[in-house]
Amino acid sequence: MFLKKIIDLHIHTTVSDGSDSPEELLKAVKHTGLSLFAVSDHDAVKGCRIVRGLLREGDPAFLNGAEFSCKDEQGKYHILGYAYDPDAPAMRELVALGHSLRMKKVRERLDFIRDEFGFRFPEEEIQTLLALDNPGKPHIGNLMVKYGYAETKEKAIRQFIDQKHFKNEFVRPEQAISGILKSGGVPVLAHPCFGSGDELIVGEEMDERLKRLIGFGLQGVEAFYSGFSPKLKREMLKCAERYELYVTAGSDYHGTNKLIALGDTGMEYSIPVPEGMVRFLERADPKLPDMLLRPSSIYPEK
(Lines give C-alpha, C1' and ligand atoms only; values in the text may rest on other atoms or scores of the structure.)
Protein backbone atom coordinates (compact mmCIF):
# COMPACT_ATOMS: atom_id res chain seq x y z
CA MET A 1 0.00 0.00 0.00
CA PHE A 2 1.16 3.52 -0.83
CA LEU A 3 0.09 6.94 0.39
CA LYS A 4 -2.20 8.81 -1.97
CA LYS A 5 -3.28 11.69 0.32
CA ILE A 6 -1.44 14.02 2.69
CA ILE A 7 -1.86 13.41 6.44
CA ASP A 8 -0.61 15.30 9.49
CA LEU A 9 -1.43 14.09 12.99
CA HIS A 10 0.63 16.50 15.11
CA ILE A 11 -0.69 20.06 14.97
CA HIS A 12 -1.02 22.81 17.59
CA THR A 13 -3.43 25.74 17.78
CA THR A 14 -3.79 28.80 20.01
CA VAL A 15 -5.42 26.52 22.57
CA SER A 16 -1.82 25.62 23.45
CA ASP A 17 1.31 27.12 21.86
CA GLY A 18 0.38 27.41 18.19
CA SER A 19 -0.26 30.74 16.44
CA ASP A 20 -3.31 29.61 14.41
CA SER A 21 -6.75 29.65 15.98
CA PRO A 22 -8.78 26.48 15.33
CA GLU A 23 -10.70 28.41 12.67
CA GLU A 24 -7.48 29.59 10.99
CA LEU A 25 -6.01 26.12 11.21
CA LEU A 26 -8.94 24.53 9.39
CA LYS A 27 -8.52 27.03 6.57
CA ALA A 28 -4.80 26.24 6.42
CA VAL A 29 -5.51 22.49 6.39
CA LYS A 30 -7.81 22.89 3.40
CA HIS A 31 -5.37 25.18 1.62
CA THR A 32 -2.51 22.71 2.16
CA GLY A 33 -4.60 19.84 0.84
CA LEU A 34 -4.51 17.59 3.89
CA SER A 35 -6.98 14.72 3.77
CA LEU A 36 -6.54 13.62 7.40
CA PHE A 37 -5.39 15.76 10.32
CA ALA A 38 -5.43 15.79 14.10
CA VAL A 39 -5.21 18.69 16.52
CA SER A 40 -2.83 17.69 19.31
CA ASP A 41 -2.70 20.65 21.67
CA HIS A 42 -0.78 20.33 24.92
CA ASP A 43 -2.88 19.13 27.86
CA ALA A 44 -6.11 20.14 26.13
CA VAL A 45 -9.09 18.88 24.13
CA LYS A 46 -10.73 22.27 23.58
CA GLY A 47 -9.15 22.75 20.16
CA CYS A 48 -10.51 19.39 19.03
CA ARG A 49 -14.00 20.30 20.17
CA ILE A 50 -13.88 23.60 18.27
CA VAL A 51 -12.56 22.03 15.06
CA ARG A 52 -15.17 19.26 15.16
CA GLY A 53 -17.85 21.91 15.45
CA LEU A 54 -16.50 23.67 12.35
CA LEU A 55 -16.28 20.62 10.09
CA ARG A 56 -18.75 20.29 7.25
CA GLU A 57 -19.47 17.60 4.67
CA GLY A 58 -16.57 17.31 2.26
CA ASP A 59 -13.99 18.64 4.73
CA PRO A 60 -10.84 16.62 5.52
CA ALA A 61 -11.10 13.68 7.90
CA PHE A 62 -10.28 14.54 11.49
CA LEU A 63 -9.05 12.72 14.61
CA ASN A 64 -9.09 13.93 18.18
CA GLY A 65 -5.56 14.38 19.43
CA ALA A 66 -3.69 15.68 22.47
CA GLU A 67 -0.07 15.85 23.62
CA PHE A 68 1.03 15.39 27.22
CA SER A 69 4.48 16.39 28.49
CA CYS A 70 5.63 13.63 30.81
CA LYS A 71 8.60 12.87 32.99
CA ASP A 72 9.77 10.14 35.34
CA GLU A 73 13.04 8.89 36.81
CA GLN A 74 14.21 7.76 33.36
CA GLY A 75 13.67 10.97 31.45
CA LYS A 76 11.14 13.08 29.55
CA TYR A 77 8.52 11.92 27.08
CA HIS A 78 5.79 13.48 25.00
CA ILE A 79 2.79 11.17 24.78
CA LEU A 80 0.22 11.72 22.05
CA GLY A 81 -3.34 10.45 22.39
CA TYR A 82 -5.57 9.81 19.37
CA ALA A 83 -9.19 8.88 18.69
CA TYR A 84 -10.18 9.19 22.35
CA ASP A 85 -13.51 10.24 23.84
CA PRO A 86 -13.00 13.82 25.12
CA ASP A 87 -15.91 13.40 27.53
CA ALA A 88 -14.50 10.28 29.19
CA PRO A 89 -13.80 10.88 32.90
CA ALA A 90 -10.23 9.61 32.53
CA MET A 91 -9.48 12.14 29.78
CA ARG A 92 -11.04 14.97 31.78
CA GLU A 93 -8.88 14.03 34.76
CA LEU A 94 -5.73 13.78 32.64
CA VAL A 95 -6.31 17.15 31.00
CA ALA A 96 -7.05 18.76 34.37
CA LEU A 97 -3.82 17.34 35.83
CA GLY A 98 -1.69 18.48 32.90
CA HIS A 99 -3.28 21.93 32.90
CA SER A 100 -2.84 22.46 36.64
CA LEU A 101 0.84 21.55 36.49
CA ARG A 102 1.32 23.75 33.42
CA MET A 103 -0.21 26.78 35.15
CA LYS A 104 1.90 26.21 38.26
CA LYS A 105 5.07 26.11 36.16
CA VAL A 106 4.14 29.27 34.26
CA ARG A 107 3.73 31.21 37.50
CA GLU A 108 6.97 29.85 38.90
CA ARG A 109 8.86 30.67 35.68
CA LEU A 110 7.59 34.24 35.77
CA ASP A 111 8.74 34.54 39.38
CA PHE A 112 12.10 32.97 38.52
CA ILE A 113 13.01 35.30 35.64
CA ARG A 114 11.89 38.28 37.75
CA ASP A 115 13.96 37.30 40.79
CA GLU A 116 16.95 35.89 38.90
CA PHE A 117 17.26 38.33 36.00
CA GLY A 118 15.07 41.29 36.95
CA PHE A 119 12.63 40.77 34.05
CA ARG A 120 9.36 42.45 34.97
CA PHE A 121 6.13 42.80 32.99
CA PRO A 122 3.06 44.99 33.50
CA GLU A 123 0.41 43.30 35.60
CA GLU A 124 -2.10 43.41 32.74
CA GLU A 125 0.34 41.48 30.54
CA ILE A 126 0.74 38.82 33.21
CA GLN A 127 -3.02 38.48 33.67
CA THR A 128 -3.51 38.20 29.91
CA LEU A 129 -0.87 35.48 29.81
CA LEU A 130 -2.45 33.54 32.68
CA ALA A 131 -5.88 33.82 31.03
CA LEU A 132 -4.72 31.79 28.02
CA ASP A 133 -5.99 28.22 27.70
CA ASN A 134 -2.57 26.61 28.09
CA PRO A 135 0.27 29.14 28.38
CA GLY A 136 3.83 27.88 28.24
CA LYS A 137 7.45 28.78 27.59
CA PRO A 138 6.82 30.18 24.09
CA HIS A 139 4.29 32.68 25.46
CA ILE A 140 6.73 33.89 28.11
CA GLY A 141 9.47 34.04 25.48
CA ASN A 142 7.33 36.19 23.19
CA LEU A 143 6.65 38.52 26.10
CA MET A 144 10.36 38.82 26.81
CA VAL A 145 11.02 39.75 23.19
CA LYS A 146 8.22 42.34 23.29
CA TYR A 147 9.82 44.08 26.28
CA GLY A 148 13.38 43.86 25.01
CA TYR A 149 14.70 41.21 27.39
CA ALA A 150 15.68 38.83 24.56
CA GLU A 151 16.36 39.06 20.84
CA THR A 152 14.23 36.05 19.92
CA LYS A 153 11.77 33.73 21.57
CA GLU A 154 14.19 30.83 21.11
CA LYS A 155 17.01 32.67 22.87
CA ALA A 156 14.65 33.70 25.65
CA ILE A 157 13.76 30.06 26.29
CA ARG A 158 17.27 28.68 25.97
CA GLN A 159 19.20 31.37 27.85
CA PHE A 160 16.74 32.32 30.58
CA ILE A 161 13.46 30.39 30.91
CA ASP A 162 15.06 26.93 30.77
CA GLN A 163 17.36 27.86 33.66
CA LYS A 164 14.41 27.11 35.92
CA HIS A 165 14.26 23.38 36.67
CA PHE A 166 11.40 21.34 38.06
CA LYS A 167 11.84 18.03 39.86
CA ASN A 168 8.59 16.08 40.01
CA GLU A 169 6.02 18.47 38.60
CA PHE A 170 5.14 16.51 35.48
CA VAL A 171 2.52 14.04 34.38
CA ARG A 172 4.12 10.61 34.56
CA PRO A 173 4.09 8.60 31.31
CA GLU A 174 2.06 5.78 32.85
CA GLN A 175 -0.58 8.33 33.91
CA ALA A 176 -0.87 9.74 30.38
CA ILE A 177 -0.96 6.33 28.74
CA SER A 178 -3.52 5.00 31.20
CA GLY A 179 -5.78 8.03 30.80
CA ILE A 180 -5.71 7.77 27.01
CA LEU A 181 -6.45 4.04 27.05
CA LYS A 182 -9.31 4.42 29.52
CA SER A 183 -10.78 7.08 27.21
CA GLY A 184 -10.83 4.67 24.28
CA GLY A 185 -7.79 6.25 22.63
CA VAL A 186 -4.43 5.22 21.21
CA PRO A 187 -1.27 6.32 23.12
CA VAL A 188 1.67 7.13 20.84
CA LEU A 189 5.21 8.30 21.67
CA ALA A 190 5.82 11.65 19.96
CA HIS A 191 9.16 12.33 18.16
CA PRO A 192 10.65 9.31 19.99
CA CYS A 193 14.32 10.03 19.28
CA PHE A 194 14.20 13.47 20.88
CA GLY A 195 14.46 13.64 24.65
CA SER A 196 15.23 16.61 26.87
CA GLY A 197 16.95 19.55 25.17
CA ASP A 198 19.44 18.30 22.57
CA GLU A 199 19.30 14.71 23.85
CA LEU A 200 19.19 12.10 21.07
CA ILE A 201 17.83 8.67 21.99
CA VAL A 202 18.72 5.75 19.72
CA GLY A 203 19.92 2.15 19.84
CA GLU A 204 19.76 0.24 23.13
CA GLU A 205 18.55 3.31 24.98
CA MET A 206 15.57 3.54 22.61
CA ASP A 207 14.85 -0.16 23.04
CA GLU A 208 14.84 0.14 26.81
CA ARG A 209 12.63 3.22 26.68
CA LEU A 210 10.11 1.55 24.40
CA LYS A 211 10.00 -1.61 26.50
CA ARG A 212 9.19 0.42 29.61
CA LEU A 213 6.48 2.43 27.88
CA ILE A 214 4.98 -0.64 26.21
CA GLY A 215 4.75 -2.11 29.69
CA PHE A 216 2.53 0.86 30.59
CA GLY A 217 0.37 0.28 27.51
CA LEU A 218 2.03 2.38 24.77
CA GLN A 219 0.66 1.36 21.37
CA GLY A 220 2.48 3.46 18.78
CA VAL A 221 5.39 5.66 17.74
CA GLU A 222 5.55 8.81 15.64
CA ALA A 223 8.07 7.36 13.18
CA PHE A 224 7.49 10.07 10.56
CA TYR A 225 8.31 13.49 11.98
CA SER A 226 9.40 16.81 10.48
CA GLY A 227 12.65 16.90 12.45
CA PHE A 228 13.78 13.34 11.69
CA SER A 229 16.61 12.49 9.33
CA PRO A 230 16.14 9.49 7.02
CA LYS A 231 18.31 7.47 9.42
CA LEU A 232 16.10 8.26 12.42
CA LYS A 233 12.97 7.42 10.44
CA ARG A 234 14.42 4.05 9.47
CA GLU A 235 15.37 3.32 13.07
CA MET A 236 11.89 4.11 14.36
CA LEU A 237 10.21 2.07 11.63
CA LYS A 238 12.38 -0.89 12.61
CA CYS A 239 11.40 -0.39 16.25
CA ALA A 240 7.72 -0.24 15.31
CA GLU A 241 8.05 -3.48 13.38
CA ARG A 242 10.04 -5.18 16.14
CA TYR A 243 7.48 -4.36 18.83
CA GLU A 244 4.37 -4.46 16.59
CA LEU A 245 3.54 -0.84 17.29
CA TYR A 246 1.28 1.51 15.40
CA VAL A 247 3.01 4.13 13.24
CA THR A 248 1.90 7.76 12.92
CA ALA A 249 3.13 10.84 11.05
CA GLY A 250 3.19 14.41 12.32
CA SER A 251 4.78 17.75 11.51
CA ASP A 252 4.53 19.40 14.97
CA TYR A 253 3.11 22.48 13.24
CA HIS A 254 2.84 25.58 15.45
CA GLY A 255 2.04 28.20 12.81
CA THR A 256 4.47 31.12 13.00
CA ASN A 257 5.76 29.94 16.39
CA LYS A 258 7.94 27.29 14.70
CA LEU A 259 9.55 27.10 11.29
CA ILE A 260 7.68 23.92 10.37
CA ALA A 261 5.25 23.66 7.46
CA LEU A 262 1.84 22.08 7.82
CA GLY A 263 1.94 18.58 6.35
CA ASP A 264 5.74 18.29 6.58
CA THR A 265 5.96 14.83 8.14
CA GLY A 266 8.73 13.29 6.05
CA MET A 267 6.43 10.74 4.41
CA GLU A 268 6.92 10.09 0.72
CA TYR A 269 4.45 8.90 -1.90
CA SER A 270 6.93 6.46 -3.44
CA ILE A 271 7.67 4.53 -0.24
CA PRO A 272 5.28 1.75 0.88
CA VAL A 273 3.18 2.71 3.89
CA PRO A 274 4.37 0.65 6.88
CA GLU A 275 2.02 -2.01 8.13
CA GLY A 276 1.88 -0.29 11.51
CA MET A 277 0.36 2.82 9.93
CA VAL A 278 -2.22 0.79 8.02
CA ARG A 279 -3.24 -0.80 11.31
CA PHE A 280 -3.37 2.58 13.05
CA LEU A 281 -5.67 3.99 10.37
CA GLU A 282 -7.93 0.95 10.62
CA ARG A 283 -8.02 1.31 14.42
CA ALA A 284 -8.81 5.03 14.25
CA ASP A 285 -11.52 4.69 11.59
CA PRO A 286 -12.07 1.64 9.34
CA LYS A 287 -12.87 3.96 6.41
CA LEU A 288 -9.49 5.71 6.48
CA PRO A 289 -7.33 3.11 4.65
CA ASP A 290 -9.56 3.17 1.56
CA MET A 291 -9.57 6.98 1.66
CA LEU A 292 -5.84 7.51 2.10
CA LEU A 293 -4.03 4.51 0.62
CA ARG A 294 -3.55 3.02 -2.84
CA PRO A 295 -2.23 -0.41 -3.87
CA SER A 296 0.23 1.11 -6.37
CA SER A 297 2.89 3.82 -6.14
CA ILE A 298 2.21 5.16 -9.64
CA TYR A 299 1.66 8.93 -9.53
CA PRO A 300 -0.03 10.28 -6.39
CA GLU A 301 -3.50 11.69 -6.78
CA LYS A 302 -3.74 15.46 -6.40
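Everything numeric in this text was worked out from a predicted model, so none of it was measured.

Draft legend 1. Fine view of unusual backbone geometry. Even without a glycine there, the phi angle at aspartate 43 is positive, about 50°. With respect to the helices and strands, the residue aspartate 43 is situated in the loop between β3 (34-39) and α2 (46-54). Classification of aspartate 43 by relative accessible area gives buried; the value is 4%. Even without being a glycine, aspartate 252 presents a positive backbone phi close to 70°. With respect to the helices and strands, the residue aspartate 252 is situated in the loop between β8 (246-250) and α10 (275-284).

Draft legend 2. Summary view of the environment of phenylalanine 112. Examined against the element boundaries, phenylalanine 112 turns out to sit in helix α3 (residues 89-117). Sequence spacing of phenylalanine 112 and isoleucine 161 is 49 residues, and the spatial spacing of their C-alpha atoms is 8.2 Å. Filtering out sequence-adjacent residues up to four positions away, phenylalanine 112 remains in contact with Phe117, Phe160, Gln163 and Lys164.

Draft legend 3. How the structure looks around the pairing of strand β7 (residues 220-225). Of all 6 residues that make up β7, 6 are buried, and the element is covered over most of its length. In this structure, strand β6 (residues 186-189) lies alongside β7, joined through 2 bridges in parallel fashion. The residue of β7 that forms the bridge with leucine 189 is valine 221. Relative to β8, β7 runs parallel, the two sharing 4 bridges. Within the sheet, the bridge partner assigned to glycine 220 lies in β8 and is tyrosine 246. Crossover connection from β7 via helix α9 (residues 230-242) to parallel β8: handedness right-handed.

Draft legend 4. Fine view of the packing of α3 against helix α4 (residues 123-130). In contact at an axis separation of 11 Å, α3 and α4 are set at 160° when each is read in the N-to-C sense. Taken as axis vectors, α3 and α4 run roughly antiparallel relative to one another. In this structure, α3 crosses over α4, and the sense of that crossing is right-handed. Of the residues in α4, those in contact with Met103, Val106, Arg107 and Leu110 of α3 are Ile126, Leu129 and Leu130. In terms of residue class, the contact of α3 with α4 is made up of 6 nonpolar, no polar and 1 charged.

Draft legend 5. Broad picture of the packing of helix α1 (residues 22-32) against α2. Relative to each other, α1 and α2 sit at 60°, their axes nearing to 9 Å. The orientation of α1 relative to α2 falls into the category oblique. Once α1 is placed against α2, the crossing between them reads as right-handed. On α2, the residues that touch Pro22, Glu23 and Leu26 of α1 are Gly47, Ile50, Val51 and Leu54. Broken down by class, the residue content of the contact of α1 with α2 amounts to 5 nonpolar, 1 polar and 1 charged.

Cut-offs used in this document
Residues numbered from 1 in each chain as written. Predicted model: local features only at pLDDT ≥ 70, side-chain atom pairs only at ≥ 80, totals over all residues. Heavy atoms only, no water. Helix = DSSP H or I, 4+ residues; strand = E, 2+ residues; numbered from the N terminus. Buried < 20%, exposed > 50% of the residue type's maximum accessible area, 1.4 Å probe, protein only. Contact = heavy atoms within 4.5 Å. Pairing = 2+ DSSP bridges. Right-handed = clockwise from strand over helix to strand, strands pointing away. Axes fitted to C-alpha atoms, helices over the stretch in contact; angles between N-to-C directions. Parallel < 35°, antiparallel > 145°, perpendicular 65-115°, else oblique. Left-handed = near helix turned anticlockwise from the far one by under 90°. Nonpolar A, V, L, I, M, F, W, Y, C, P; charged D, E, K, R; others polar.

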